[in-house]
Amino acid sequence: MARGPSFATQLLKGTTPLLVLSVIGEGELYGYEIAQRVREQSGGAFAPSEGSLYPALHRLEADGALAATWRDSDRGPRRRYYRLTDRGRGLLAESRAEWSAFVRTVDRVAVPGR
Amino acid sequence: MSDPIRPTDPQLYLGRVAARLGLPPAVEQEVVEELAAHVADATAALIAEGLAPEQAEREALARLGSPEALADEIRRAQQTPRRLATAGARGVFWLGWTGLFWILSSFLFVFVAQLALWIVLGFLGAWSGGADLPLGQAVGAGPYVFVFGAGAFFGAREAVLVAARASRRRVAAVGRWFALAGAPVVAVLALVVFEVDLDPLAVVGLALVPVAFVAGCLAGPRVHWPAHPVRWAAAASVAALLLVAIAALGGPATRTWGSPPIGNGMGFERVAASLPPGSEPLVDGASATGSGYPAARLSFDWAPVVAFTAWHDLRLEAWRGTARDGGIAPDATGPYAVATPDDTGGSLRFTIRVNGRPEVTHYWLVLTGADAAGKRWILAPPTTGWTSFHGSVADWLRAVLAPQP
């Protein structure tokens, strides 16, 4: 039987927008930095697929949660920096609350007695 | 061995992404530039970790996944329903705003051009004011051809460009949708709803408005105009040249104003009997007063009323005239409109519609009555004026296709 994507990978797919909003909430970042920051902050446990990172960034920008600006760089090509908008800050707060509620609910079922 | 499905060369990879994106060129360029910067960063980091440059490049591209899948995901992320709704609203707003701006601005310049033309030709004696002459038609139809056509074209073009930008879709695709959805609406507005004084050239001009709209939808950014003052000067010049060119085809014309005497060679002697010899006209035609031009009806009062009892079946007849020879139209064999008296108590008043026929640009009104033997006579000097068909293009076509009276 063929193995599907790992459990962590499936989880990560749904949480990419939350992770992206969280790290951008700390300051303006460009795409590669965002991927690196997630990887570092998760202790290397999470490495969001770079193929799903850019669609997520563009979707959040289209929804008005992120604003993007091109900036020249001393080290290589110019980069597209993303920052949270007011709408994005609201969305981040909402997503965090939803995530916490979700984890508590899953814990009650999957980790009884916790 | 490299995967044949996933290119290992960044340029090739990004080329396949770009080919698949289907976004406006400016957005595509930004997406590709952003991904190129990512690949460069990732490659540099992997080299720093100890990979060989070629291996690092391959790994950086592999992490992005299939170029086609990435392009599809980014396109879906860009073309959200929210952006589509915003684009539709903005497109419609800009269509109205730009269209109105063009219409009003162009009217101003065309008015100035018309005025100049009118003064010059009037001074030269070439102006007759005859709406059935090319000059009259040019002055009447020119604004519709130019102004509304320009409004539809540039309004549509601007709307498509704005909507394409806002929806992150290609101009050509948005233009096709605007043309499909908007052309019927514009056609109804221009041909059915909009009512104005019409002549054949104006009808053609208004019929071209939906065509101009579709052309504007499909023109996209290929059509460029210079800065505003130059643009308006060019527009005014084109309008003026158009009018002068058409006017030149018409040349000067003669026309007769006022009320010539009965039997004056205006053509009535060909189709009706004048006042019997020795009789005086019932009234002086100059006392007839018209009102309501260019509305549908004209009222004429004959006062004081004199000896109507000698005649019966009094009626006011409208005959199609022509400005070129000053008489009734050579092919006219009968009046195109007939009115009976509204009120005979103290005055004689008729209400007759003189502008109901597309082919009528000049009319002659004549009071007729029948004698005891039933023979119809012209009882007062005829009076003339010019008019034009008022209504929508659809009304005009209906009138053209309707049986002649």
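These lines cover the structure that appears in this document, whether it is placed above or below. (Residues numbered from 1 in each chain as written. Chains lettered and ligands numbered in written order. Predicted model: local features only at pLDDT ≥ 70, side-chain atom pairs only at ≥ 80, totals over all residues. Heavy atoms only, no water.)

### A word on the overall build of chain A
Quick note on the threshold: In this text, helices come from DSSP runs of H or I with a minimum length of four residues, and strands from runs of E with a minimum of two, each type numbered from the N-terminal end. The rule is simple: take the accessible area with a 1.4 Å probe, protein chains only, and divide by the maximum for that residue type; under 20% is buried, over 50% is exposed, in between is partly exposed. A contact between two residues is defined here by any heavy atoms of the two lying within 4.5 Å. Only the protein chains shown count as covering a residue, and every accessible area follows the Shrake-Rupley method with a 1.4 Å probe.
From N to C terminus, chain A includes four helices and three strands. Reading chain A from its N terminus to its C terminus gives the helix and strand order α-β-α-α-β-β-α. The buried share of chain A, reckoned over its 114 residues, is 36%. By sequence separation, contacts in chain A at least 24 residues apart represent 45% of the contacts at least 6 residues apart. With the model as given, the accessible surface of chain A reaches about 6700 Å², and the carbon-plus-sulfur share is 54%.

### A few points about the interface of chain A and chain B
Going by this rule: A 1.4 Å probe defines the accessible area here, and the buried area is the portion of it lost by two parts on being joined, summed over both. Salt bridges are counted wherever a side-chain nitrogen of Lys or Arg sits within 4 Å of a carboxyl oxygen of Asp or Glu. Identification of polar contacts relies on pairs of N or O atoms within 3.5 Å, with a donor-acceptor requirement for protein atoms, meaning one able to donate a hydrogen and the other able to accept it, and with residues adjacent in sequence counted only if both atoms are side-chain atoms. The residue classification treats Ala, Val, Leu, Ile, Met, Phe, Trp, Tyr, Cys and Pro as nonpolar and Asp, Glu, Lys and Arg as charged. All others, Gly included, are polar.
Taken together, the contact between chain A and chain B spans 22 residues of the former and 22 residues of the latter. The contact between chain A and chain B buries some 2000 Å² in all, and 52% of this surface belongs to carbon and sulfur atoms. Considering only the surface of chain A that becomes buried against chain B, Tyr32(A), Tyr54(A) and His58(A) emerge as the three largest contributors, covering 29% of it. At the junction of chain A with chain B, the criterion picks out three salt bridges. Where Glu33(B) meets Arg78(A), a salt bridge forms, and the shortest distance between an N and an O atom there is 2.5 Å. Put simply, chain A and chain B have 10 residue pairs in polar contact (both at pLDDT 80 or more) between them. Contributions of two or more residues to the side of chain A that touches chain B are made by α2 (31-41), α3 (50-62) and β3 (79-84) of chain A. Here the element with the most residues in the side of chain A that touches chain B is α3(A); it accounts for eight residues. When its residues are assigned to classes, the side of chain A that touches chain B shows eight nonpolar, five polar and nine charged.

### Focus on a nonpolar patch on the surface
Selection rule: Two joining distances apply to patches: 9 Å for like charges and 5 Å for nonpolar side chains (Val, Leu, Ile, Met, Phe, Trp, Tyr), and every residue must have over 30% relative accessible area and no salt bridge.
A cluster of nonpolar side chains, contributed by Val185(B), Val188(B), Leu189(B), Val192(B) and Val193(B), occupies part of the molecular surface with about 420 Å² of accessible area. Residue Val192(B) is classed as partly exposed on the basis of its relative accessible area of 46%.

### So, the nonpolar core
Condition: Joining through side-chain atoms within 4.5 Å is the link that ties buried Ala, Val, Leu, Ile, Met, Phe, Trp, Tyr and Cys residues into a set, and such a set is a nonpolar core.
Counting 39 residues, the largest nonpolar core has Ile24(A), Ile34(A), Leu57(A), Leu66(A) and Leu35(B) as its most contacted members. In this view, Leu57(A) contacts Val20(A), Ile24(A), Gly31(A), Ile34(A), Leu66(A) and Tyr82(A); residues no more than four positions away in its chain are not counted. Ala87(B), Phe154(B), Ala164(B) and Val209(B) belong to the second-largest nonpolar core, a separate cluster that totals 36 residues.

### Description of the packing of α3(A) against helix α4 (residues 67-78) of chain B
So the rule is basically this: Lines fitted to C-alpha atoms define the axes here, with helix axes fitted over just the stretch in contact, and angles between the N-to-C directions of these axes take values from 0 to 180 degrees. Between 65 and 115 degrees an angle is taken as roughly perpendicular, under 35 as roughly parallel, over 145 as roughly antiparallel, and anywhere else as oblique.
It is the contact of α3(A) with α4(B), at a shortest axis distance of 8 Å, that shows an interaxial angle of 10 degrees. The angle between the axes of α3(A) and α4(B) places the two elements in the roughly parallel class. Here Gly51(A), Tyr54(A), Pro55(A), His58(A), Arg59(A) and Ala62(A) of α3(A) lie close against α4(B), whose contacting residues are Leu70(B), Glu73(B), Ile74(B), Arg76(B), Ala77(B) and Gln78(B). Each residue belonging to the contact of α3(A) with α4(B) can be placed in one class, and the counts come to six nonpolar, three polar and three charged.

### Regarding unusual backbone geometry
Most peptide bonds take the trans form, and the phi angle of most residues other than glycine is negative. Residues and elements named next belong to chain B. Within the chain, Arg 168 stands out as a residue other than glycine whose phi angle is a positive 60 degrees. Mapped onto the elements of the fold, Arg 168 is located in the loop between α6 (134-167) and α7 (171-193). At Asp 313, a residue that is not glycine, the phi angle is positive and equals roughly 55 degrees. Structurally, Asp 313 can be placed in strand β3 (residues 312-321). Exposure remark for Asp 313: the relative accessible area of 42% places this residue in the partly exposed category.

### Considerations on the side chain of Glu50(A)
Checked against the element boundaries, Glu50(A) lands in helix α3. Once residues lying within four places of it in the same chain are set aside, the contact partners of Glu50(A) are Ala35(A), Arg39(A), His38(B), Ala60(B), Arg63(B) and Leu64(B).

### Observations regarding the packing of aromatic side chains
Formally: Any Phe, Tyr or Trp ring, taking Trp's six-membered ring, that has another such ring centre within 6.5 Å forms a pair; planes under 30 degrees apart are called stacked, those over 60 apart edge-to-face, and the others tilted. Put simply, a charge is over a ring when the Lys NZ or the Arg CZ is close to the ring centre, within 6 Å, and near the line of the ring normal, within 35 degrees.
For the structure shown, the criterion picks out five aromatic pairs over all chains. Relative to Trp94(B), the ring of Phe93(B) lies with its centre 5.9 Å away and its plane at 85 degrees, an arrangement referred to as edge-to-face. Residue classification places Trp94(B) among the partly exposed residues on the basis of a relative accessible area of 28%. One cation-aromatic arrangement involves Arg78(A) over Trp70(A); the distance from NZ or CZ to the ring centre is 4.2 Å.

### Topic: α3(A)
Residue and element names in this part refer to chain A. To keep things clear, this is the line we draw: Take the number of residues in a helix, subtract one, and multiply by 1.5 Å to get its expected span.
For α3, spanning 13 residues, the distance from its first C-alpha to its last is 19 Å, which sits close to the expected 18 Å at 1.5 Å a residue. Across the 13 residues that make up α3, a large majority, 11, are buried. Among the residues trailing α3, Gly 64 stands out with phi positive, at a value near 85 degrees.

### Observations regarding the sheet that holds β3(A)
Rules: Paired strands are those between which DSSP finds at least two bridges.
Taken in spatial order, the three strands make up an open sheet running β1-β3-β2 (chain A), and their pairing is antiparallel. The open sheet terminates on both sides in strands that have one partner only, identified here as β1 (29-30) and β2 (66-71) of chain A. Judged from the six bridges that link them, β2(A) and β3(A) form a sheet pairing that is antiparallel. Each residue of the ladder has a partner; that of Arg71(A), found in β3(A), is Arg79(A). Strands in contact with helix α2 (residues 25-48) of chain B are β1, β2 and β3 of chain A; relative to β3(A), the strand with the most contacts, it is inclined by about 100 degrees.

### A look at the pattern of salt bridges
Note that side chains of opposite charge can pair when their charged atoms are close. Summed over the entire model, instances satisfying the criterion amount to 20 salt bridges over all chains. With a shortest N-O distance of 3.2 Å, Glu59(B) and Arg63(B) are connected by a salt bridge. Taken as a pair, Glu59(B) and Arg63(B) lie in helix α3 (residues 53-64) at a separation of four residues, close to a single helical turn. On the basis of relative accessibility, which here comes to 29%, the residue Arg63(B) falls in the partly exposed class. The salt bridge involving Arg75(B) is made with Asp72(B); its shortest N-O contact spans 3.2 Å. With Arg75(B) and Asp72(B) both in helix α4 and three residues apart, the pair spans about one turn of that helix. Three or more residues are tied together by salt bridges with common partners; here these are Glu28(A), Arg71(A) and Arg83(A).

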